[in-house]
Amino acid sequence: MKQGKCTKHFPKKFNDRTTFDADGFPIYKRRNTGTQVKKNGVLLDNRYVVPYNRNLIVKFDANINVELCNYSTSVKYLFKYVNKGSNRATTTVECTDTGVEIDEIKRYLDCRYISAIEACWRIFKFDIHHREPSVERLPFHLEGQNSIIFEEERRAESVLSTPGIEVTKFTEWFEANKKYTEARELTYSDFPTHFVWNSRDKTWTKRRNGNVVGRIYFAHPAIGEHFYMRMLLNFVKGCTSFESIRRINGVTHDNYKDACYALGLLEDDKEWNDCLAEAALWVTRNELRNLFVTILIHSQVTDYRKIWNTNFEILSEDIISLQRKRFRLKDLQLTKKQLEAYTLFEIESILLKMGKSLKDIDRMPLPDSALLNNAGNRLINEELEYDKDALKIVHDQSFALLNARQKSAYEAIINSVEKEEGRLLFISGHGGTGKTFLWNTIIAKIRSQSRIVLTVATSGIAALLLPNGRTTHSRFHIPLDVSSESTCEIKQGSQLAELLLKTSLIIWDEAPMANKFCFEALDKTLRDILRVRYENSSDKSFGGLTIVFGGDFRQILPVIPKGTRADIVDTSLNSSYLWLFFTIYELKQNMRLYSGRVSDSEAAKISTFDKWLLQIGDGSFYDDINKELIKLPPDVCIKPSNDPIGSIVEAVYPSLLQKYNDPTYLKERAILTPKNKMVHELNDTIMKMLPGEGRTYFSSDNVCKASVNTNDEDLLYPTEFLNSLRFPGIPNHDVHLKVGTPVMLLRNLNQSEGLCNGTRLIAMDLGKWSASANIISGKNIGSRVTIPRIIMSPNDSKWPFKLKRR
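Residues numbered from 1 in each chain as written. Predicted model: local features only at pLDDT ≥ 70, side-chain atom pairs only at ≥ 80, totals over all residues. Heavy atoms only, no water.

### Comments concerning the overall build of the protein
We count it as follows: Runs of E in the DSSP output that reach at least two residues are strands. Runs of H or I that reach at least four are helices, and both are numbered from the N terminus. To sort residues, take the accessible area from a 1.4 Å probe on protein chains only and compare it with the maximum for the residue type: under 20% means buried, over 50% means exposed, and anything in between is partly exposed. Contacts are assigned to residue pairs that have any heavy atoms within 4.5 Å of one another. Here the open area of atoms and residues is found with the Shrake-Rupley method and a 1.4 Å probe, where only the protein chains shown may cover a residue. By the counting scheme adopted, Arg and Lys are positive, Glu and Asp are negative, and His together with the chain ends is not counted. The location of each charge is read from NZ of Lys, CZ of Arg, CG of Asp or CD of Glu.
Counting secondary structure elements, the protein contains 31 helices and 24 strands. Taken along its principal axes, the extent of the C-alpha atoms in the protein is 100 × 90 × 70 Å. Here the protein holds 806 residues, and the buried ones make up 40% of them. If you take every contact in the protein between residues at least 6 apart in sequence, the share linking residues at least 24 apart comes to 63%. Surface exposure of the protein reaches about 48,300 Å², of which carbon and sulfur atoms provide 52%. For the protein, the distance from the average position of its 111 positive side-chain charges to the average position of its 99 negative side-chain charges is 4 Å.

Structure, rendered in structure tokens:
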């Protein structure tokens with residue numbers, strides 16, 4: 001104890017499961033069983049128990065603890081205890097007046113203590129350390145520049161005349177690739193796994209046994225061609241000469257740097273010019289401008305003005321024809337200045353739909369202010385440009401199909417909007433109870449009256465199901481790393497602030513997925529913005545605006561990394577101070593059973609499955625005492641087999657080779673896995689089944705300079721190490737695609753065009769610098785989009801640096 005507190009931080013907290021803290025140390029599971037013992041007048045429970053391993057303690061009659069070392073920062077914990085040695089003290093009694101010189105080294109040797117265990121270990125010559133597997137170091141060099149070691153007294157002429165002086169481990173790799181067919185499928189670093197280097201004969205021979213890892217000698221980026229050659233050697237296979245290393249996709253490049261660039265391993269603004277020029281061959285000019293905007297926002301361009309000047313002509317090729325149609329003048333001609341202004345106006349229009357502007361992009365020219373002034377507030381215009389008569393028809397048809405609970409919620413929402421009551425309502429209902437149908441009915445009603453309703457959702461996929469839906473973060477500029485102090489990044493007087501001032505209703509779908517701080521950030525922002533519209537808005541929830549939230553608390557709640565059940569519940573919407581002001585309407589009737597499109601037998605199956613799902617969501621369907629296991633019905637399980645991956649693929653994608661080009665067939669099917677490792681195995685298996693060669697895209701990886709406090713990051717983190725890293729939420733270093741294969745986006749690129757996290761597409765054209773695909777999910781089905789390389793970074797990483805993967 002120190003100052004009345006335990007220095008080991010006991011008592012610990014109760015935990016439902018074992019987790020790890022930020023440094024990788026375990027936070028053990030401690031059940032709250034209610035059991036207590038009294039010792040020295042103090043009640044003790046599971047929070048006071050020191051972690052121990054009962055089996056080891058009983059077996060060896062010693063205090064032995066076992067812990068999992070799963071983070072790089074916790075490796076020192078292991079070595080600290082292994083190497084700290086025995087506990088001992090050395091004492092001497094001396095007279096200071098003798099004048100004898102003290103020999104500290106002799107004293108240390110005389111007093112050194114070796115235990116019986118350590119003495120026996122050394123007497124029997126047991127290994128002190130061991131390394132597995134063996135490492136084969138692989139030298140490399142430019143043509144005719146191999147290193148030669150010789151005695152100092154030898155003359156250069158005699159050294160150079162030595163037979164075989166030009167033969168090296170690297171050049172013999174070329175010869176082995178010529179000789180062995182199987183060698184041509186291996187990179188230089190993988191070569192030692194199947195071949196052995198014979199230093200006496202200077203030849204590579206086939207490996208018979210053993211496990212060896214190849215490591216290519218390091219080269220600093222400042223060396224130049226050596227560095228780029230080393231980078232290529234991690235990817236190219238079956239090379240038979242120095243020239244073949246530089247041959248990429250059938251083209252032999254002049255130097256290794258150009259070859260690296262062609263393979264996509266380097267970053268350069270030239271890539272964006274190449275990407276736009278390549279895409280211009282097969283996409284429309286409007287698609288090309290969308291691609292240009294994606295590059296501006298997501299790709300960290302070095303010189304925006306230069307990329308604009310280089311690509312202005314191909315971006316503006318259809319502008320004259322667009323303006324002729326707009327002004328109905330067949331012979332309209334535009335000067336270069338006018339052409340640039342209208343092109344910039346089209347780009348600004350795309351950016352505004354994405355919540356961005358050319359004003360936010362350094363050194364980009366701006367469109368003519370007169371054009372922007374004539375356009376007015378585009379955000380408001382977009383929310384008012386609807387066919388009012390068509391919406392009224394949709395509303396009348398939908399309203400007639402609402403059930404009693406839906407009508408009750410509908411009337412409460414409409415009354416609050418019309419009377420400006422500023423109510424907060426939560427529509428609760430599991431999947432199939434008609435929440436989206438209710439949203440569409442309310443939206444049609446309000447928009448048919450020329451009022452504005454903003455439709456948002458926590459996830460991109462849910463946002464695509466709403467008319468003109470956006471994700472909450474993009475619409476309201478909620479920070480990604482949200483906290484209790486966060487507010488939305490909306491300035492007074494901006495177009496978005498003006499839009500909120502004219503908004504009658506906000507509908508927020510899948511609300512339980514969002515952190516409570518997201519709602520509180522919007523609440524604080526609306527109280528500030530709406531003060532010119534409502535009296536005492538600062539005292540009203542969300543400034544007095546009517547807001548409807550929807551979702552199901554049985555589904556995904558906010559994701560808290562390494563969080564416990566209590567942590568997750570604490571960040572949920574119903575733990576916010578706002579929850580006290582909500583009126584809750586619950587939808588219970590499964591509308592899929594009453595759609596008239598299913599037979600009685602199918603309806604019975606849906607009803608049984610629906611009931612089972614609700615039992616799981618309510619926590620009333622477990623198969624064990626600890627309430628951790630759920631028993632699956634046999635009709636949703638696949639029988640065990642020797643090839644589980646093949647069985648899953650066959651069950652989900654029957655007749656794949658005959659139907660893989662059918663978008664409807666692909667849209668109806670998906671395989672969900674708990675871990676990304678299985679995703680990669682499934683991808684590799686299915687990709688091999690599909691016909692065609694395909695194309696492999698490589699990323700260029702580097703360490704963000706702002707995330708490290710050293711200039712030696714190139715030495716600490718070699719390129720191949722960065723390439724080997726895998727993170728959730730971003731693609732691997734190499735992505736293999738084939739025409740006709742389904743892909744899924746991992747980022748929100750352009751929600752107005754249907755490109756958000758989770759959008760599914762079919763790859764159509766695989767270019768060198770971009771890929772074109774058709775959307776097969778959401779509201780934009782059939783739309784063709786072109787996607788460039790963008791820079792992605794993992795949100796949370798255990799590494800002491802931030803990776804930038806392009």
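That covers the picture; the talk isn't over yet.
### Details of the sheet that holds strand S15 (residues 546-551)
As a reminder, the rule being used: Two strands are counted as paired when DSSP detects at least two bridges linking them.
Strand order in the open sheet formed by six strands is S13-S12-S14-S15-S11-S16, and the pairing between neighbours is parallel. The open sheet has two edge strands with one neighbour each: strand S13 (470-471) and strand S16 (582-586). Judged from the five bridges that link them, strand S11 (residues 424-428) and S15 form a sheet pairing that is parallel. Looking at the pairing, Phe426 lines up with Phe549 of S15.

### Description of the pattern of salt bridges
Let me state the cut-off plainly: Any carboxyl oxygen of Asp or Glu that lies within 4 Å of a side-chain nitrogen of Lys or Arg is treated as forming a salt bridge with it.
Evaluation of the coordinates by the stated rule reveals 25 salt bridges. Glu720 is the partner of Arg230 in a salt bridge, and the nearest nitrogen-oxygen pair spans 2.4 Å. On the criterion of sequence distance, the pair formed by Arg230 in helix H7 (residues 225-233) and Glu720 in helix H31 (residues 719-724) is long-range, its members being 490 residues apart. By relative accessible area, which is 25% here, Glu720 ends up partly exposed. As a salt-bridge pair, Arg789 and Glu271 come within 2.8 Å of each other at their nearest N and O atoms.

### Description of the packing of helix H10 (residues 270-279) against helix H11 (residues 285-298)
Operational definition: Axis definition: a line fitted to C-alpha atoms, limited for helices to the stretch in contact. Angles are taken between N-to-C directions and run from 0 to 180 degrees. Any angle between 65 and 115 degrees counts as roughly perpendicular, while under 35 counts as roughly parallel, over 145 as roughly antiparallel, and the rest as oblique. Crossings are sorted by hand: turned counterclockwise from the far helix by less than a right angle, the near helix makes the crossing left-handed, and turned clockwise it makes it right-handed. Under the convention adopted here, Pro, Cys and the residues Ala, Val, Leu, Ile, Met, Phe, Trp and Tyr are nonpolar, Asp, Glu, Lys and Arg are charged, and Gly plus all remaining residues are polar.
Running from N to C, H10 and H11 cross one another at 165 degrees; their axes reach a closest spacing of 10 Å. The pairing of H10 with H11 is recorded here as roughly antiparallel in orientation. Between H10 and H11 lies a crossing of right-handed hand. Residues Trp272, Cys275, Leu276 and Ala279 of H10 form the contact with H11, whose own contacting residues are Leu288, Leu291, Phe292 and Ile295. Tallied by class, residues from the contact of H10 with H11 come to eight nonpolar, no polar and no charged.

### What about a nonpolar patch on the surface?
Applied cut-off: Patch rule: a residue counts if its relative accessible area is over 30% and it has no salt bridge; like charges are joined within 9 Å, and nonpolar side chains (Val, Leu, Ile, Met, Phe, Trp, Tyr) within 5 Å.
A contiguous nonpolar surface patch, about 510 Å² in accessible area, is contributed by Phe609, Leu613, Tyr622, Ile630, Leu632 and Val636. Mapped onto the fold, Leu613 is located in helix H25 (residues 600-618). Judged by relative accessible area, which is 41%, Leu613 ranks as partly exposed.

### A look at the packing of H11 against helix H12 (residues 304-315)
Packed helices, taken two at a time, are described by their axes: the angle between them and the distance between them. Where H11 meets H12, the closest approach of the two axes is 11 Å, and the angle between their N-to-C directions is 175 degrees. As judged from the angle between their axes, H11 and H12 are roughly antiparallel. Each of Arg285, Leu288, Arg289, Phe292, Ile295 and Leu296 in H11 lies in contact with H12, whose residues at this interface are Tyr304, Ile307, Trp308, Ile314 and Leu315.

### What to know about empty space enclosed by the protein
Here is the rule we go by: Within this scheme a cavity is a closed region of a 1 Å grid, computed over the protein atoms alone, that accommodates a 1.4 Å probe without allowing it to escape, whereas a pocket is open but has protein on both sides within 12 Å along at least five of seven lines; lining residues each have an atom within 4 Å of a point. Grid points are joined across faces, edges and corners, and a volume is the space filled by probe spheres set on the points.
Taken as a whole and assessed by the stated rule, the structure comprises one cavity of 30 Å³ or more. Looking at the largest cavity, its volume works out to about 30 Å³. Contributing to the lining of the largest cavity are Ser416, Val417, Glu420, Gly422, Ser504, Arg533, Tyr534, Gly544, Leu545 and Thr546. Partitioning the lining of the largest cavity into residue classes produces three nonpolar, five polar and two charged.

### A word on H25
Here is the rule: To estimate the expected span of a helix, count its residues, drop one, and scale the result by 1.5 Å.
Between its first and last C-alpha atoms H25 spans 27 Å; for 19 residues at 1.5 Å apiece the expected length is 27 Å, and the two agree. If you check which residues of H25 are buried, you get Ala603, Asp610 and Trp612. With its phi angle positive at about 75 degrees, Gly619 sits one or two positions after the end of H25.

### Examining the environment of Thr525
What counts here: Residues adjacent in sequence count toward polar contacts only when both atoms are side-chain atoms; beyond that, a polar contact is any pair of N or O atoms within 3.5 Å, and within protein one must be able to donate a hydrogen and the other to accept it.
Relative to the elements of secondary structure, Thr525 occurs in helix H23 (residues 516-529). Of the residues examined, Thr525 reaches a relative accessible area of 5% and is grouped as buried. Between the alpha carbons of Thr525 and Glu411 there is a distance of 28 Å; along the sequence they are 114 residues apart. The residues contacting Thr525, other than those within four sequence positions of it, are Thr487, Cys488 and Ile490. Polar side-chain contacts of Thr525 include one of 2.9 Å to the backbone oxygen of Ala521.

### Some points on the sheet that holds strand S21 (residues 760-766)
Read from one edge of the open sheet, four strands run S20-S21-S22-S23, paired in antiparallel fashion. Of all strands in the sheet, those bounded by a partner on one side alone are strand S20 (742-744) and strand S23 (784-788). Taken over all neighbouring pairs, the strand axes of this sheet differ in orientation by 45 degrees on average, direction set aside. Here S21 runs beside strand S22 (residues 770-775); their pairing, made up of five bridges, is antiparallel. Residue Asp765 lies in a different strand from S22, and its bridge partner there is Ser772.

### Side note on the environment of Gly210
Within the secondary structure, Gly210 sits in the loop between strand S7 (203-206) and strand S8 (212-216). Remark: the alpha-carbon pair of Gly210 and Leu366, spanning 156 residues in sequence, is separated by 65 Å.

### Details of the environment of Val417
Here Val417 is to be found in helix H18 (residues 404-418). For Val417 and Asn198, which are 219 residues apart along the polypeptide, the C-alpha to C-alpha distance reads 83 Å.

### Quick look at the packing of aromatic side chains
Counted only if it meets this: Classification of ring pairs rests on two measures: the distance between centres of Phe, Tyr or Trp rings, Trp counted by its six-membered ring, which must be within 6.5 Å, and the angle between planes, read as stacked under 30 degrees, edge-to-face over 60 and tilted in between. Counting as a charge over the ring demands two things of the Lys NZ or Arg CZ atom: a distance within 6 Å of the ring centre and an angle within 35 degrees of the ring normal.
In this structure the tally under the stated criterion is 34 aromatic pairs. Judged by centre distance (5.9 Å) and plane angle (45 degrees), the rings of Phe542 and Phe549 are tilted. Given the relative accessible area of 0%, Phe542 is considered buried. Residue Phe549 is classed as buried on the basis of its relative accessible area, which comes to 0%. Within the aromatic cluster, the residues linked to one another by ring pairs are Phe426, Trp508, Phe519, Phe542, Phe549, Phe553, Trp579 and Phe582. The ring of Phe10 has Lys12 lying over it, and the distance from NZ or CZ to the ring centre is 4.9 Å. Taking the ring centre of Phe399 as reference, the NZ or CZ of Lys407 above it sits at 5.4 Å.

The values are spatial; any link to function lies outside them.
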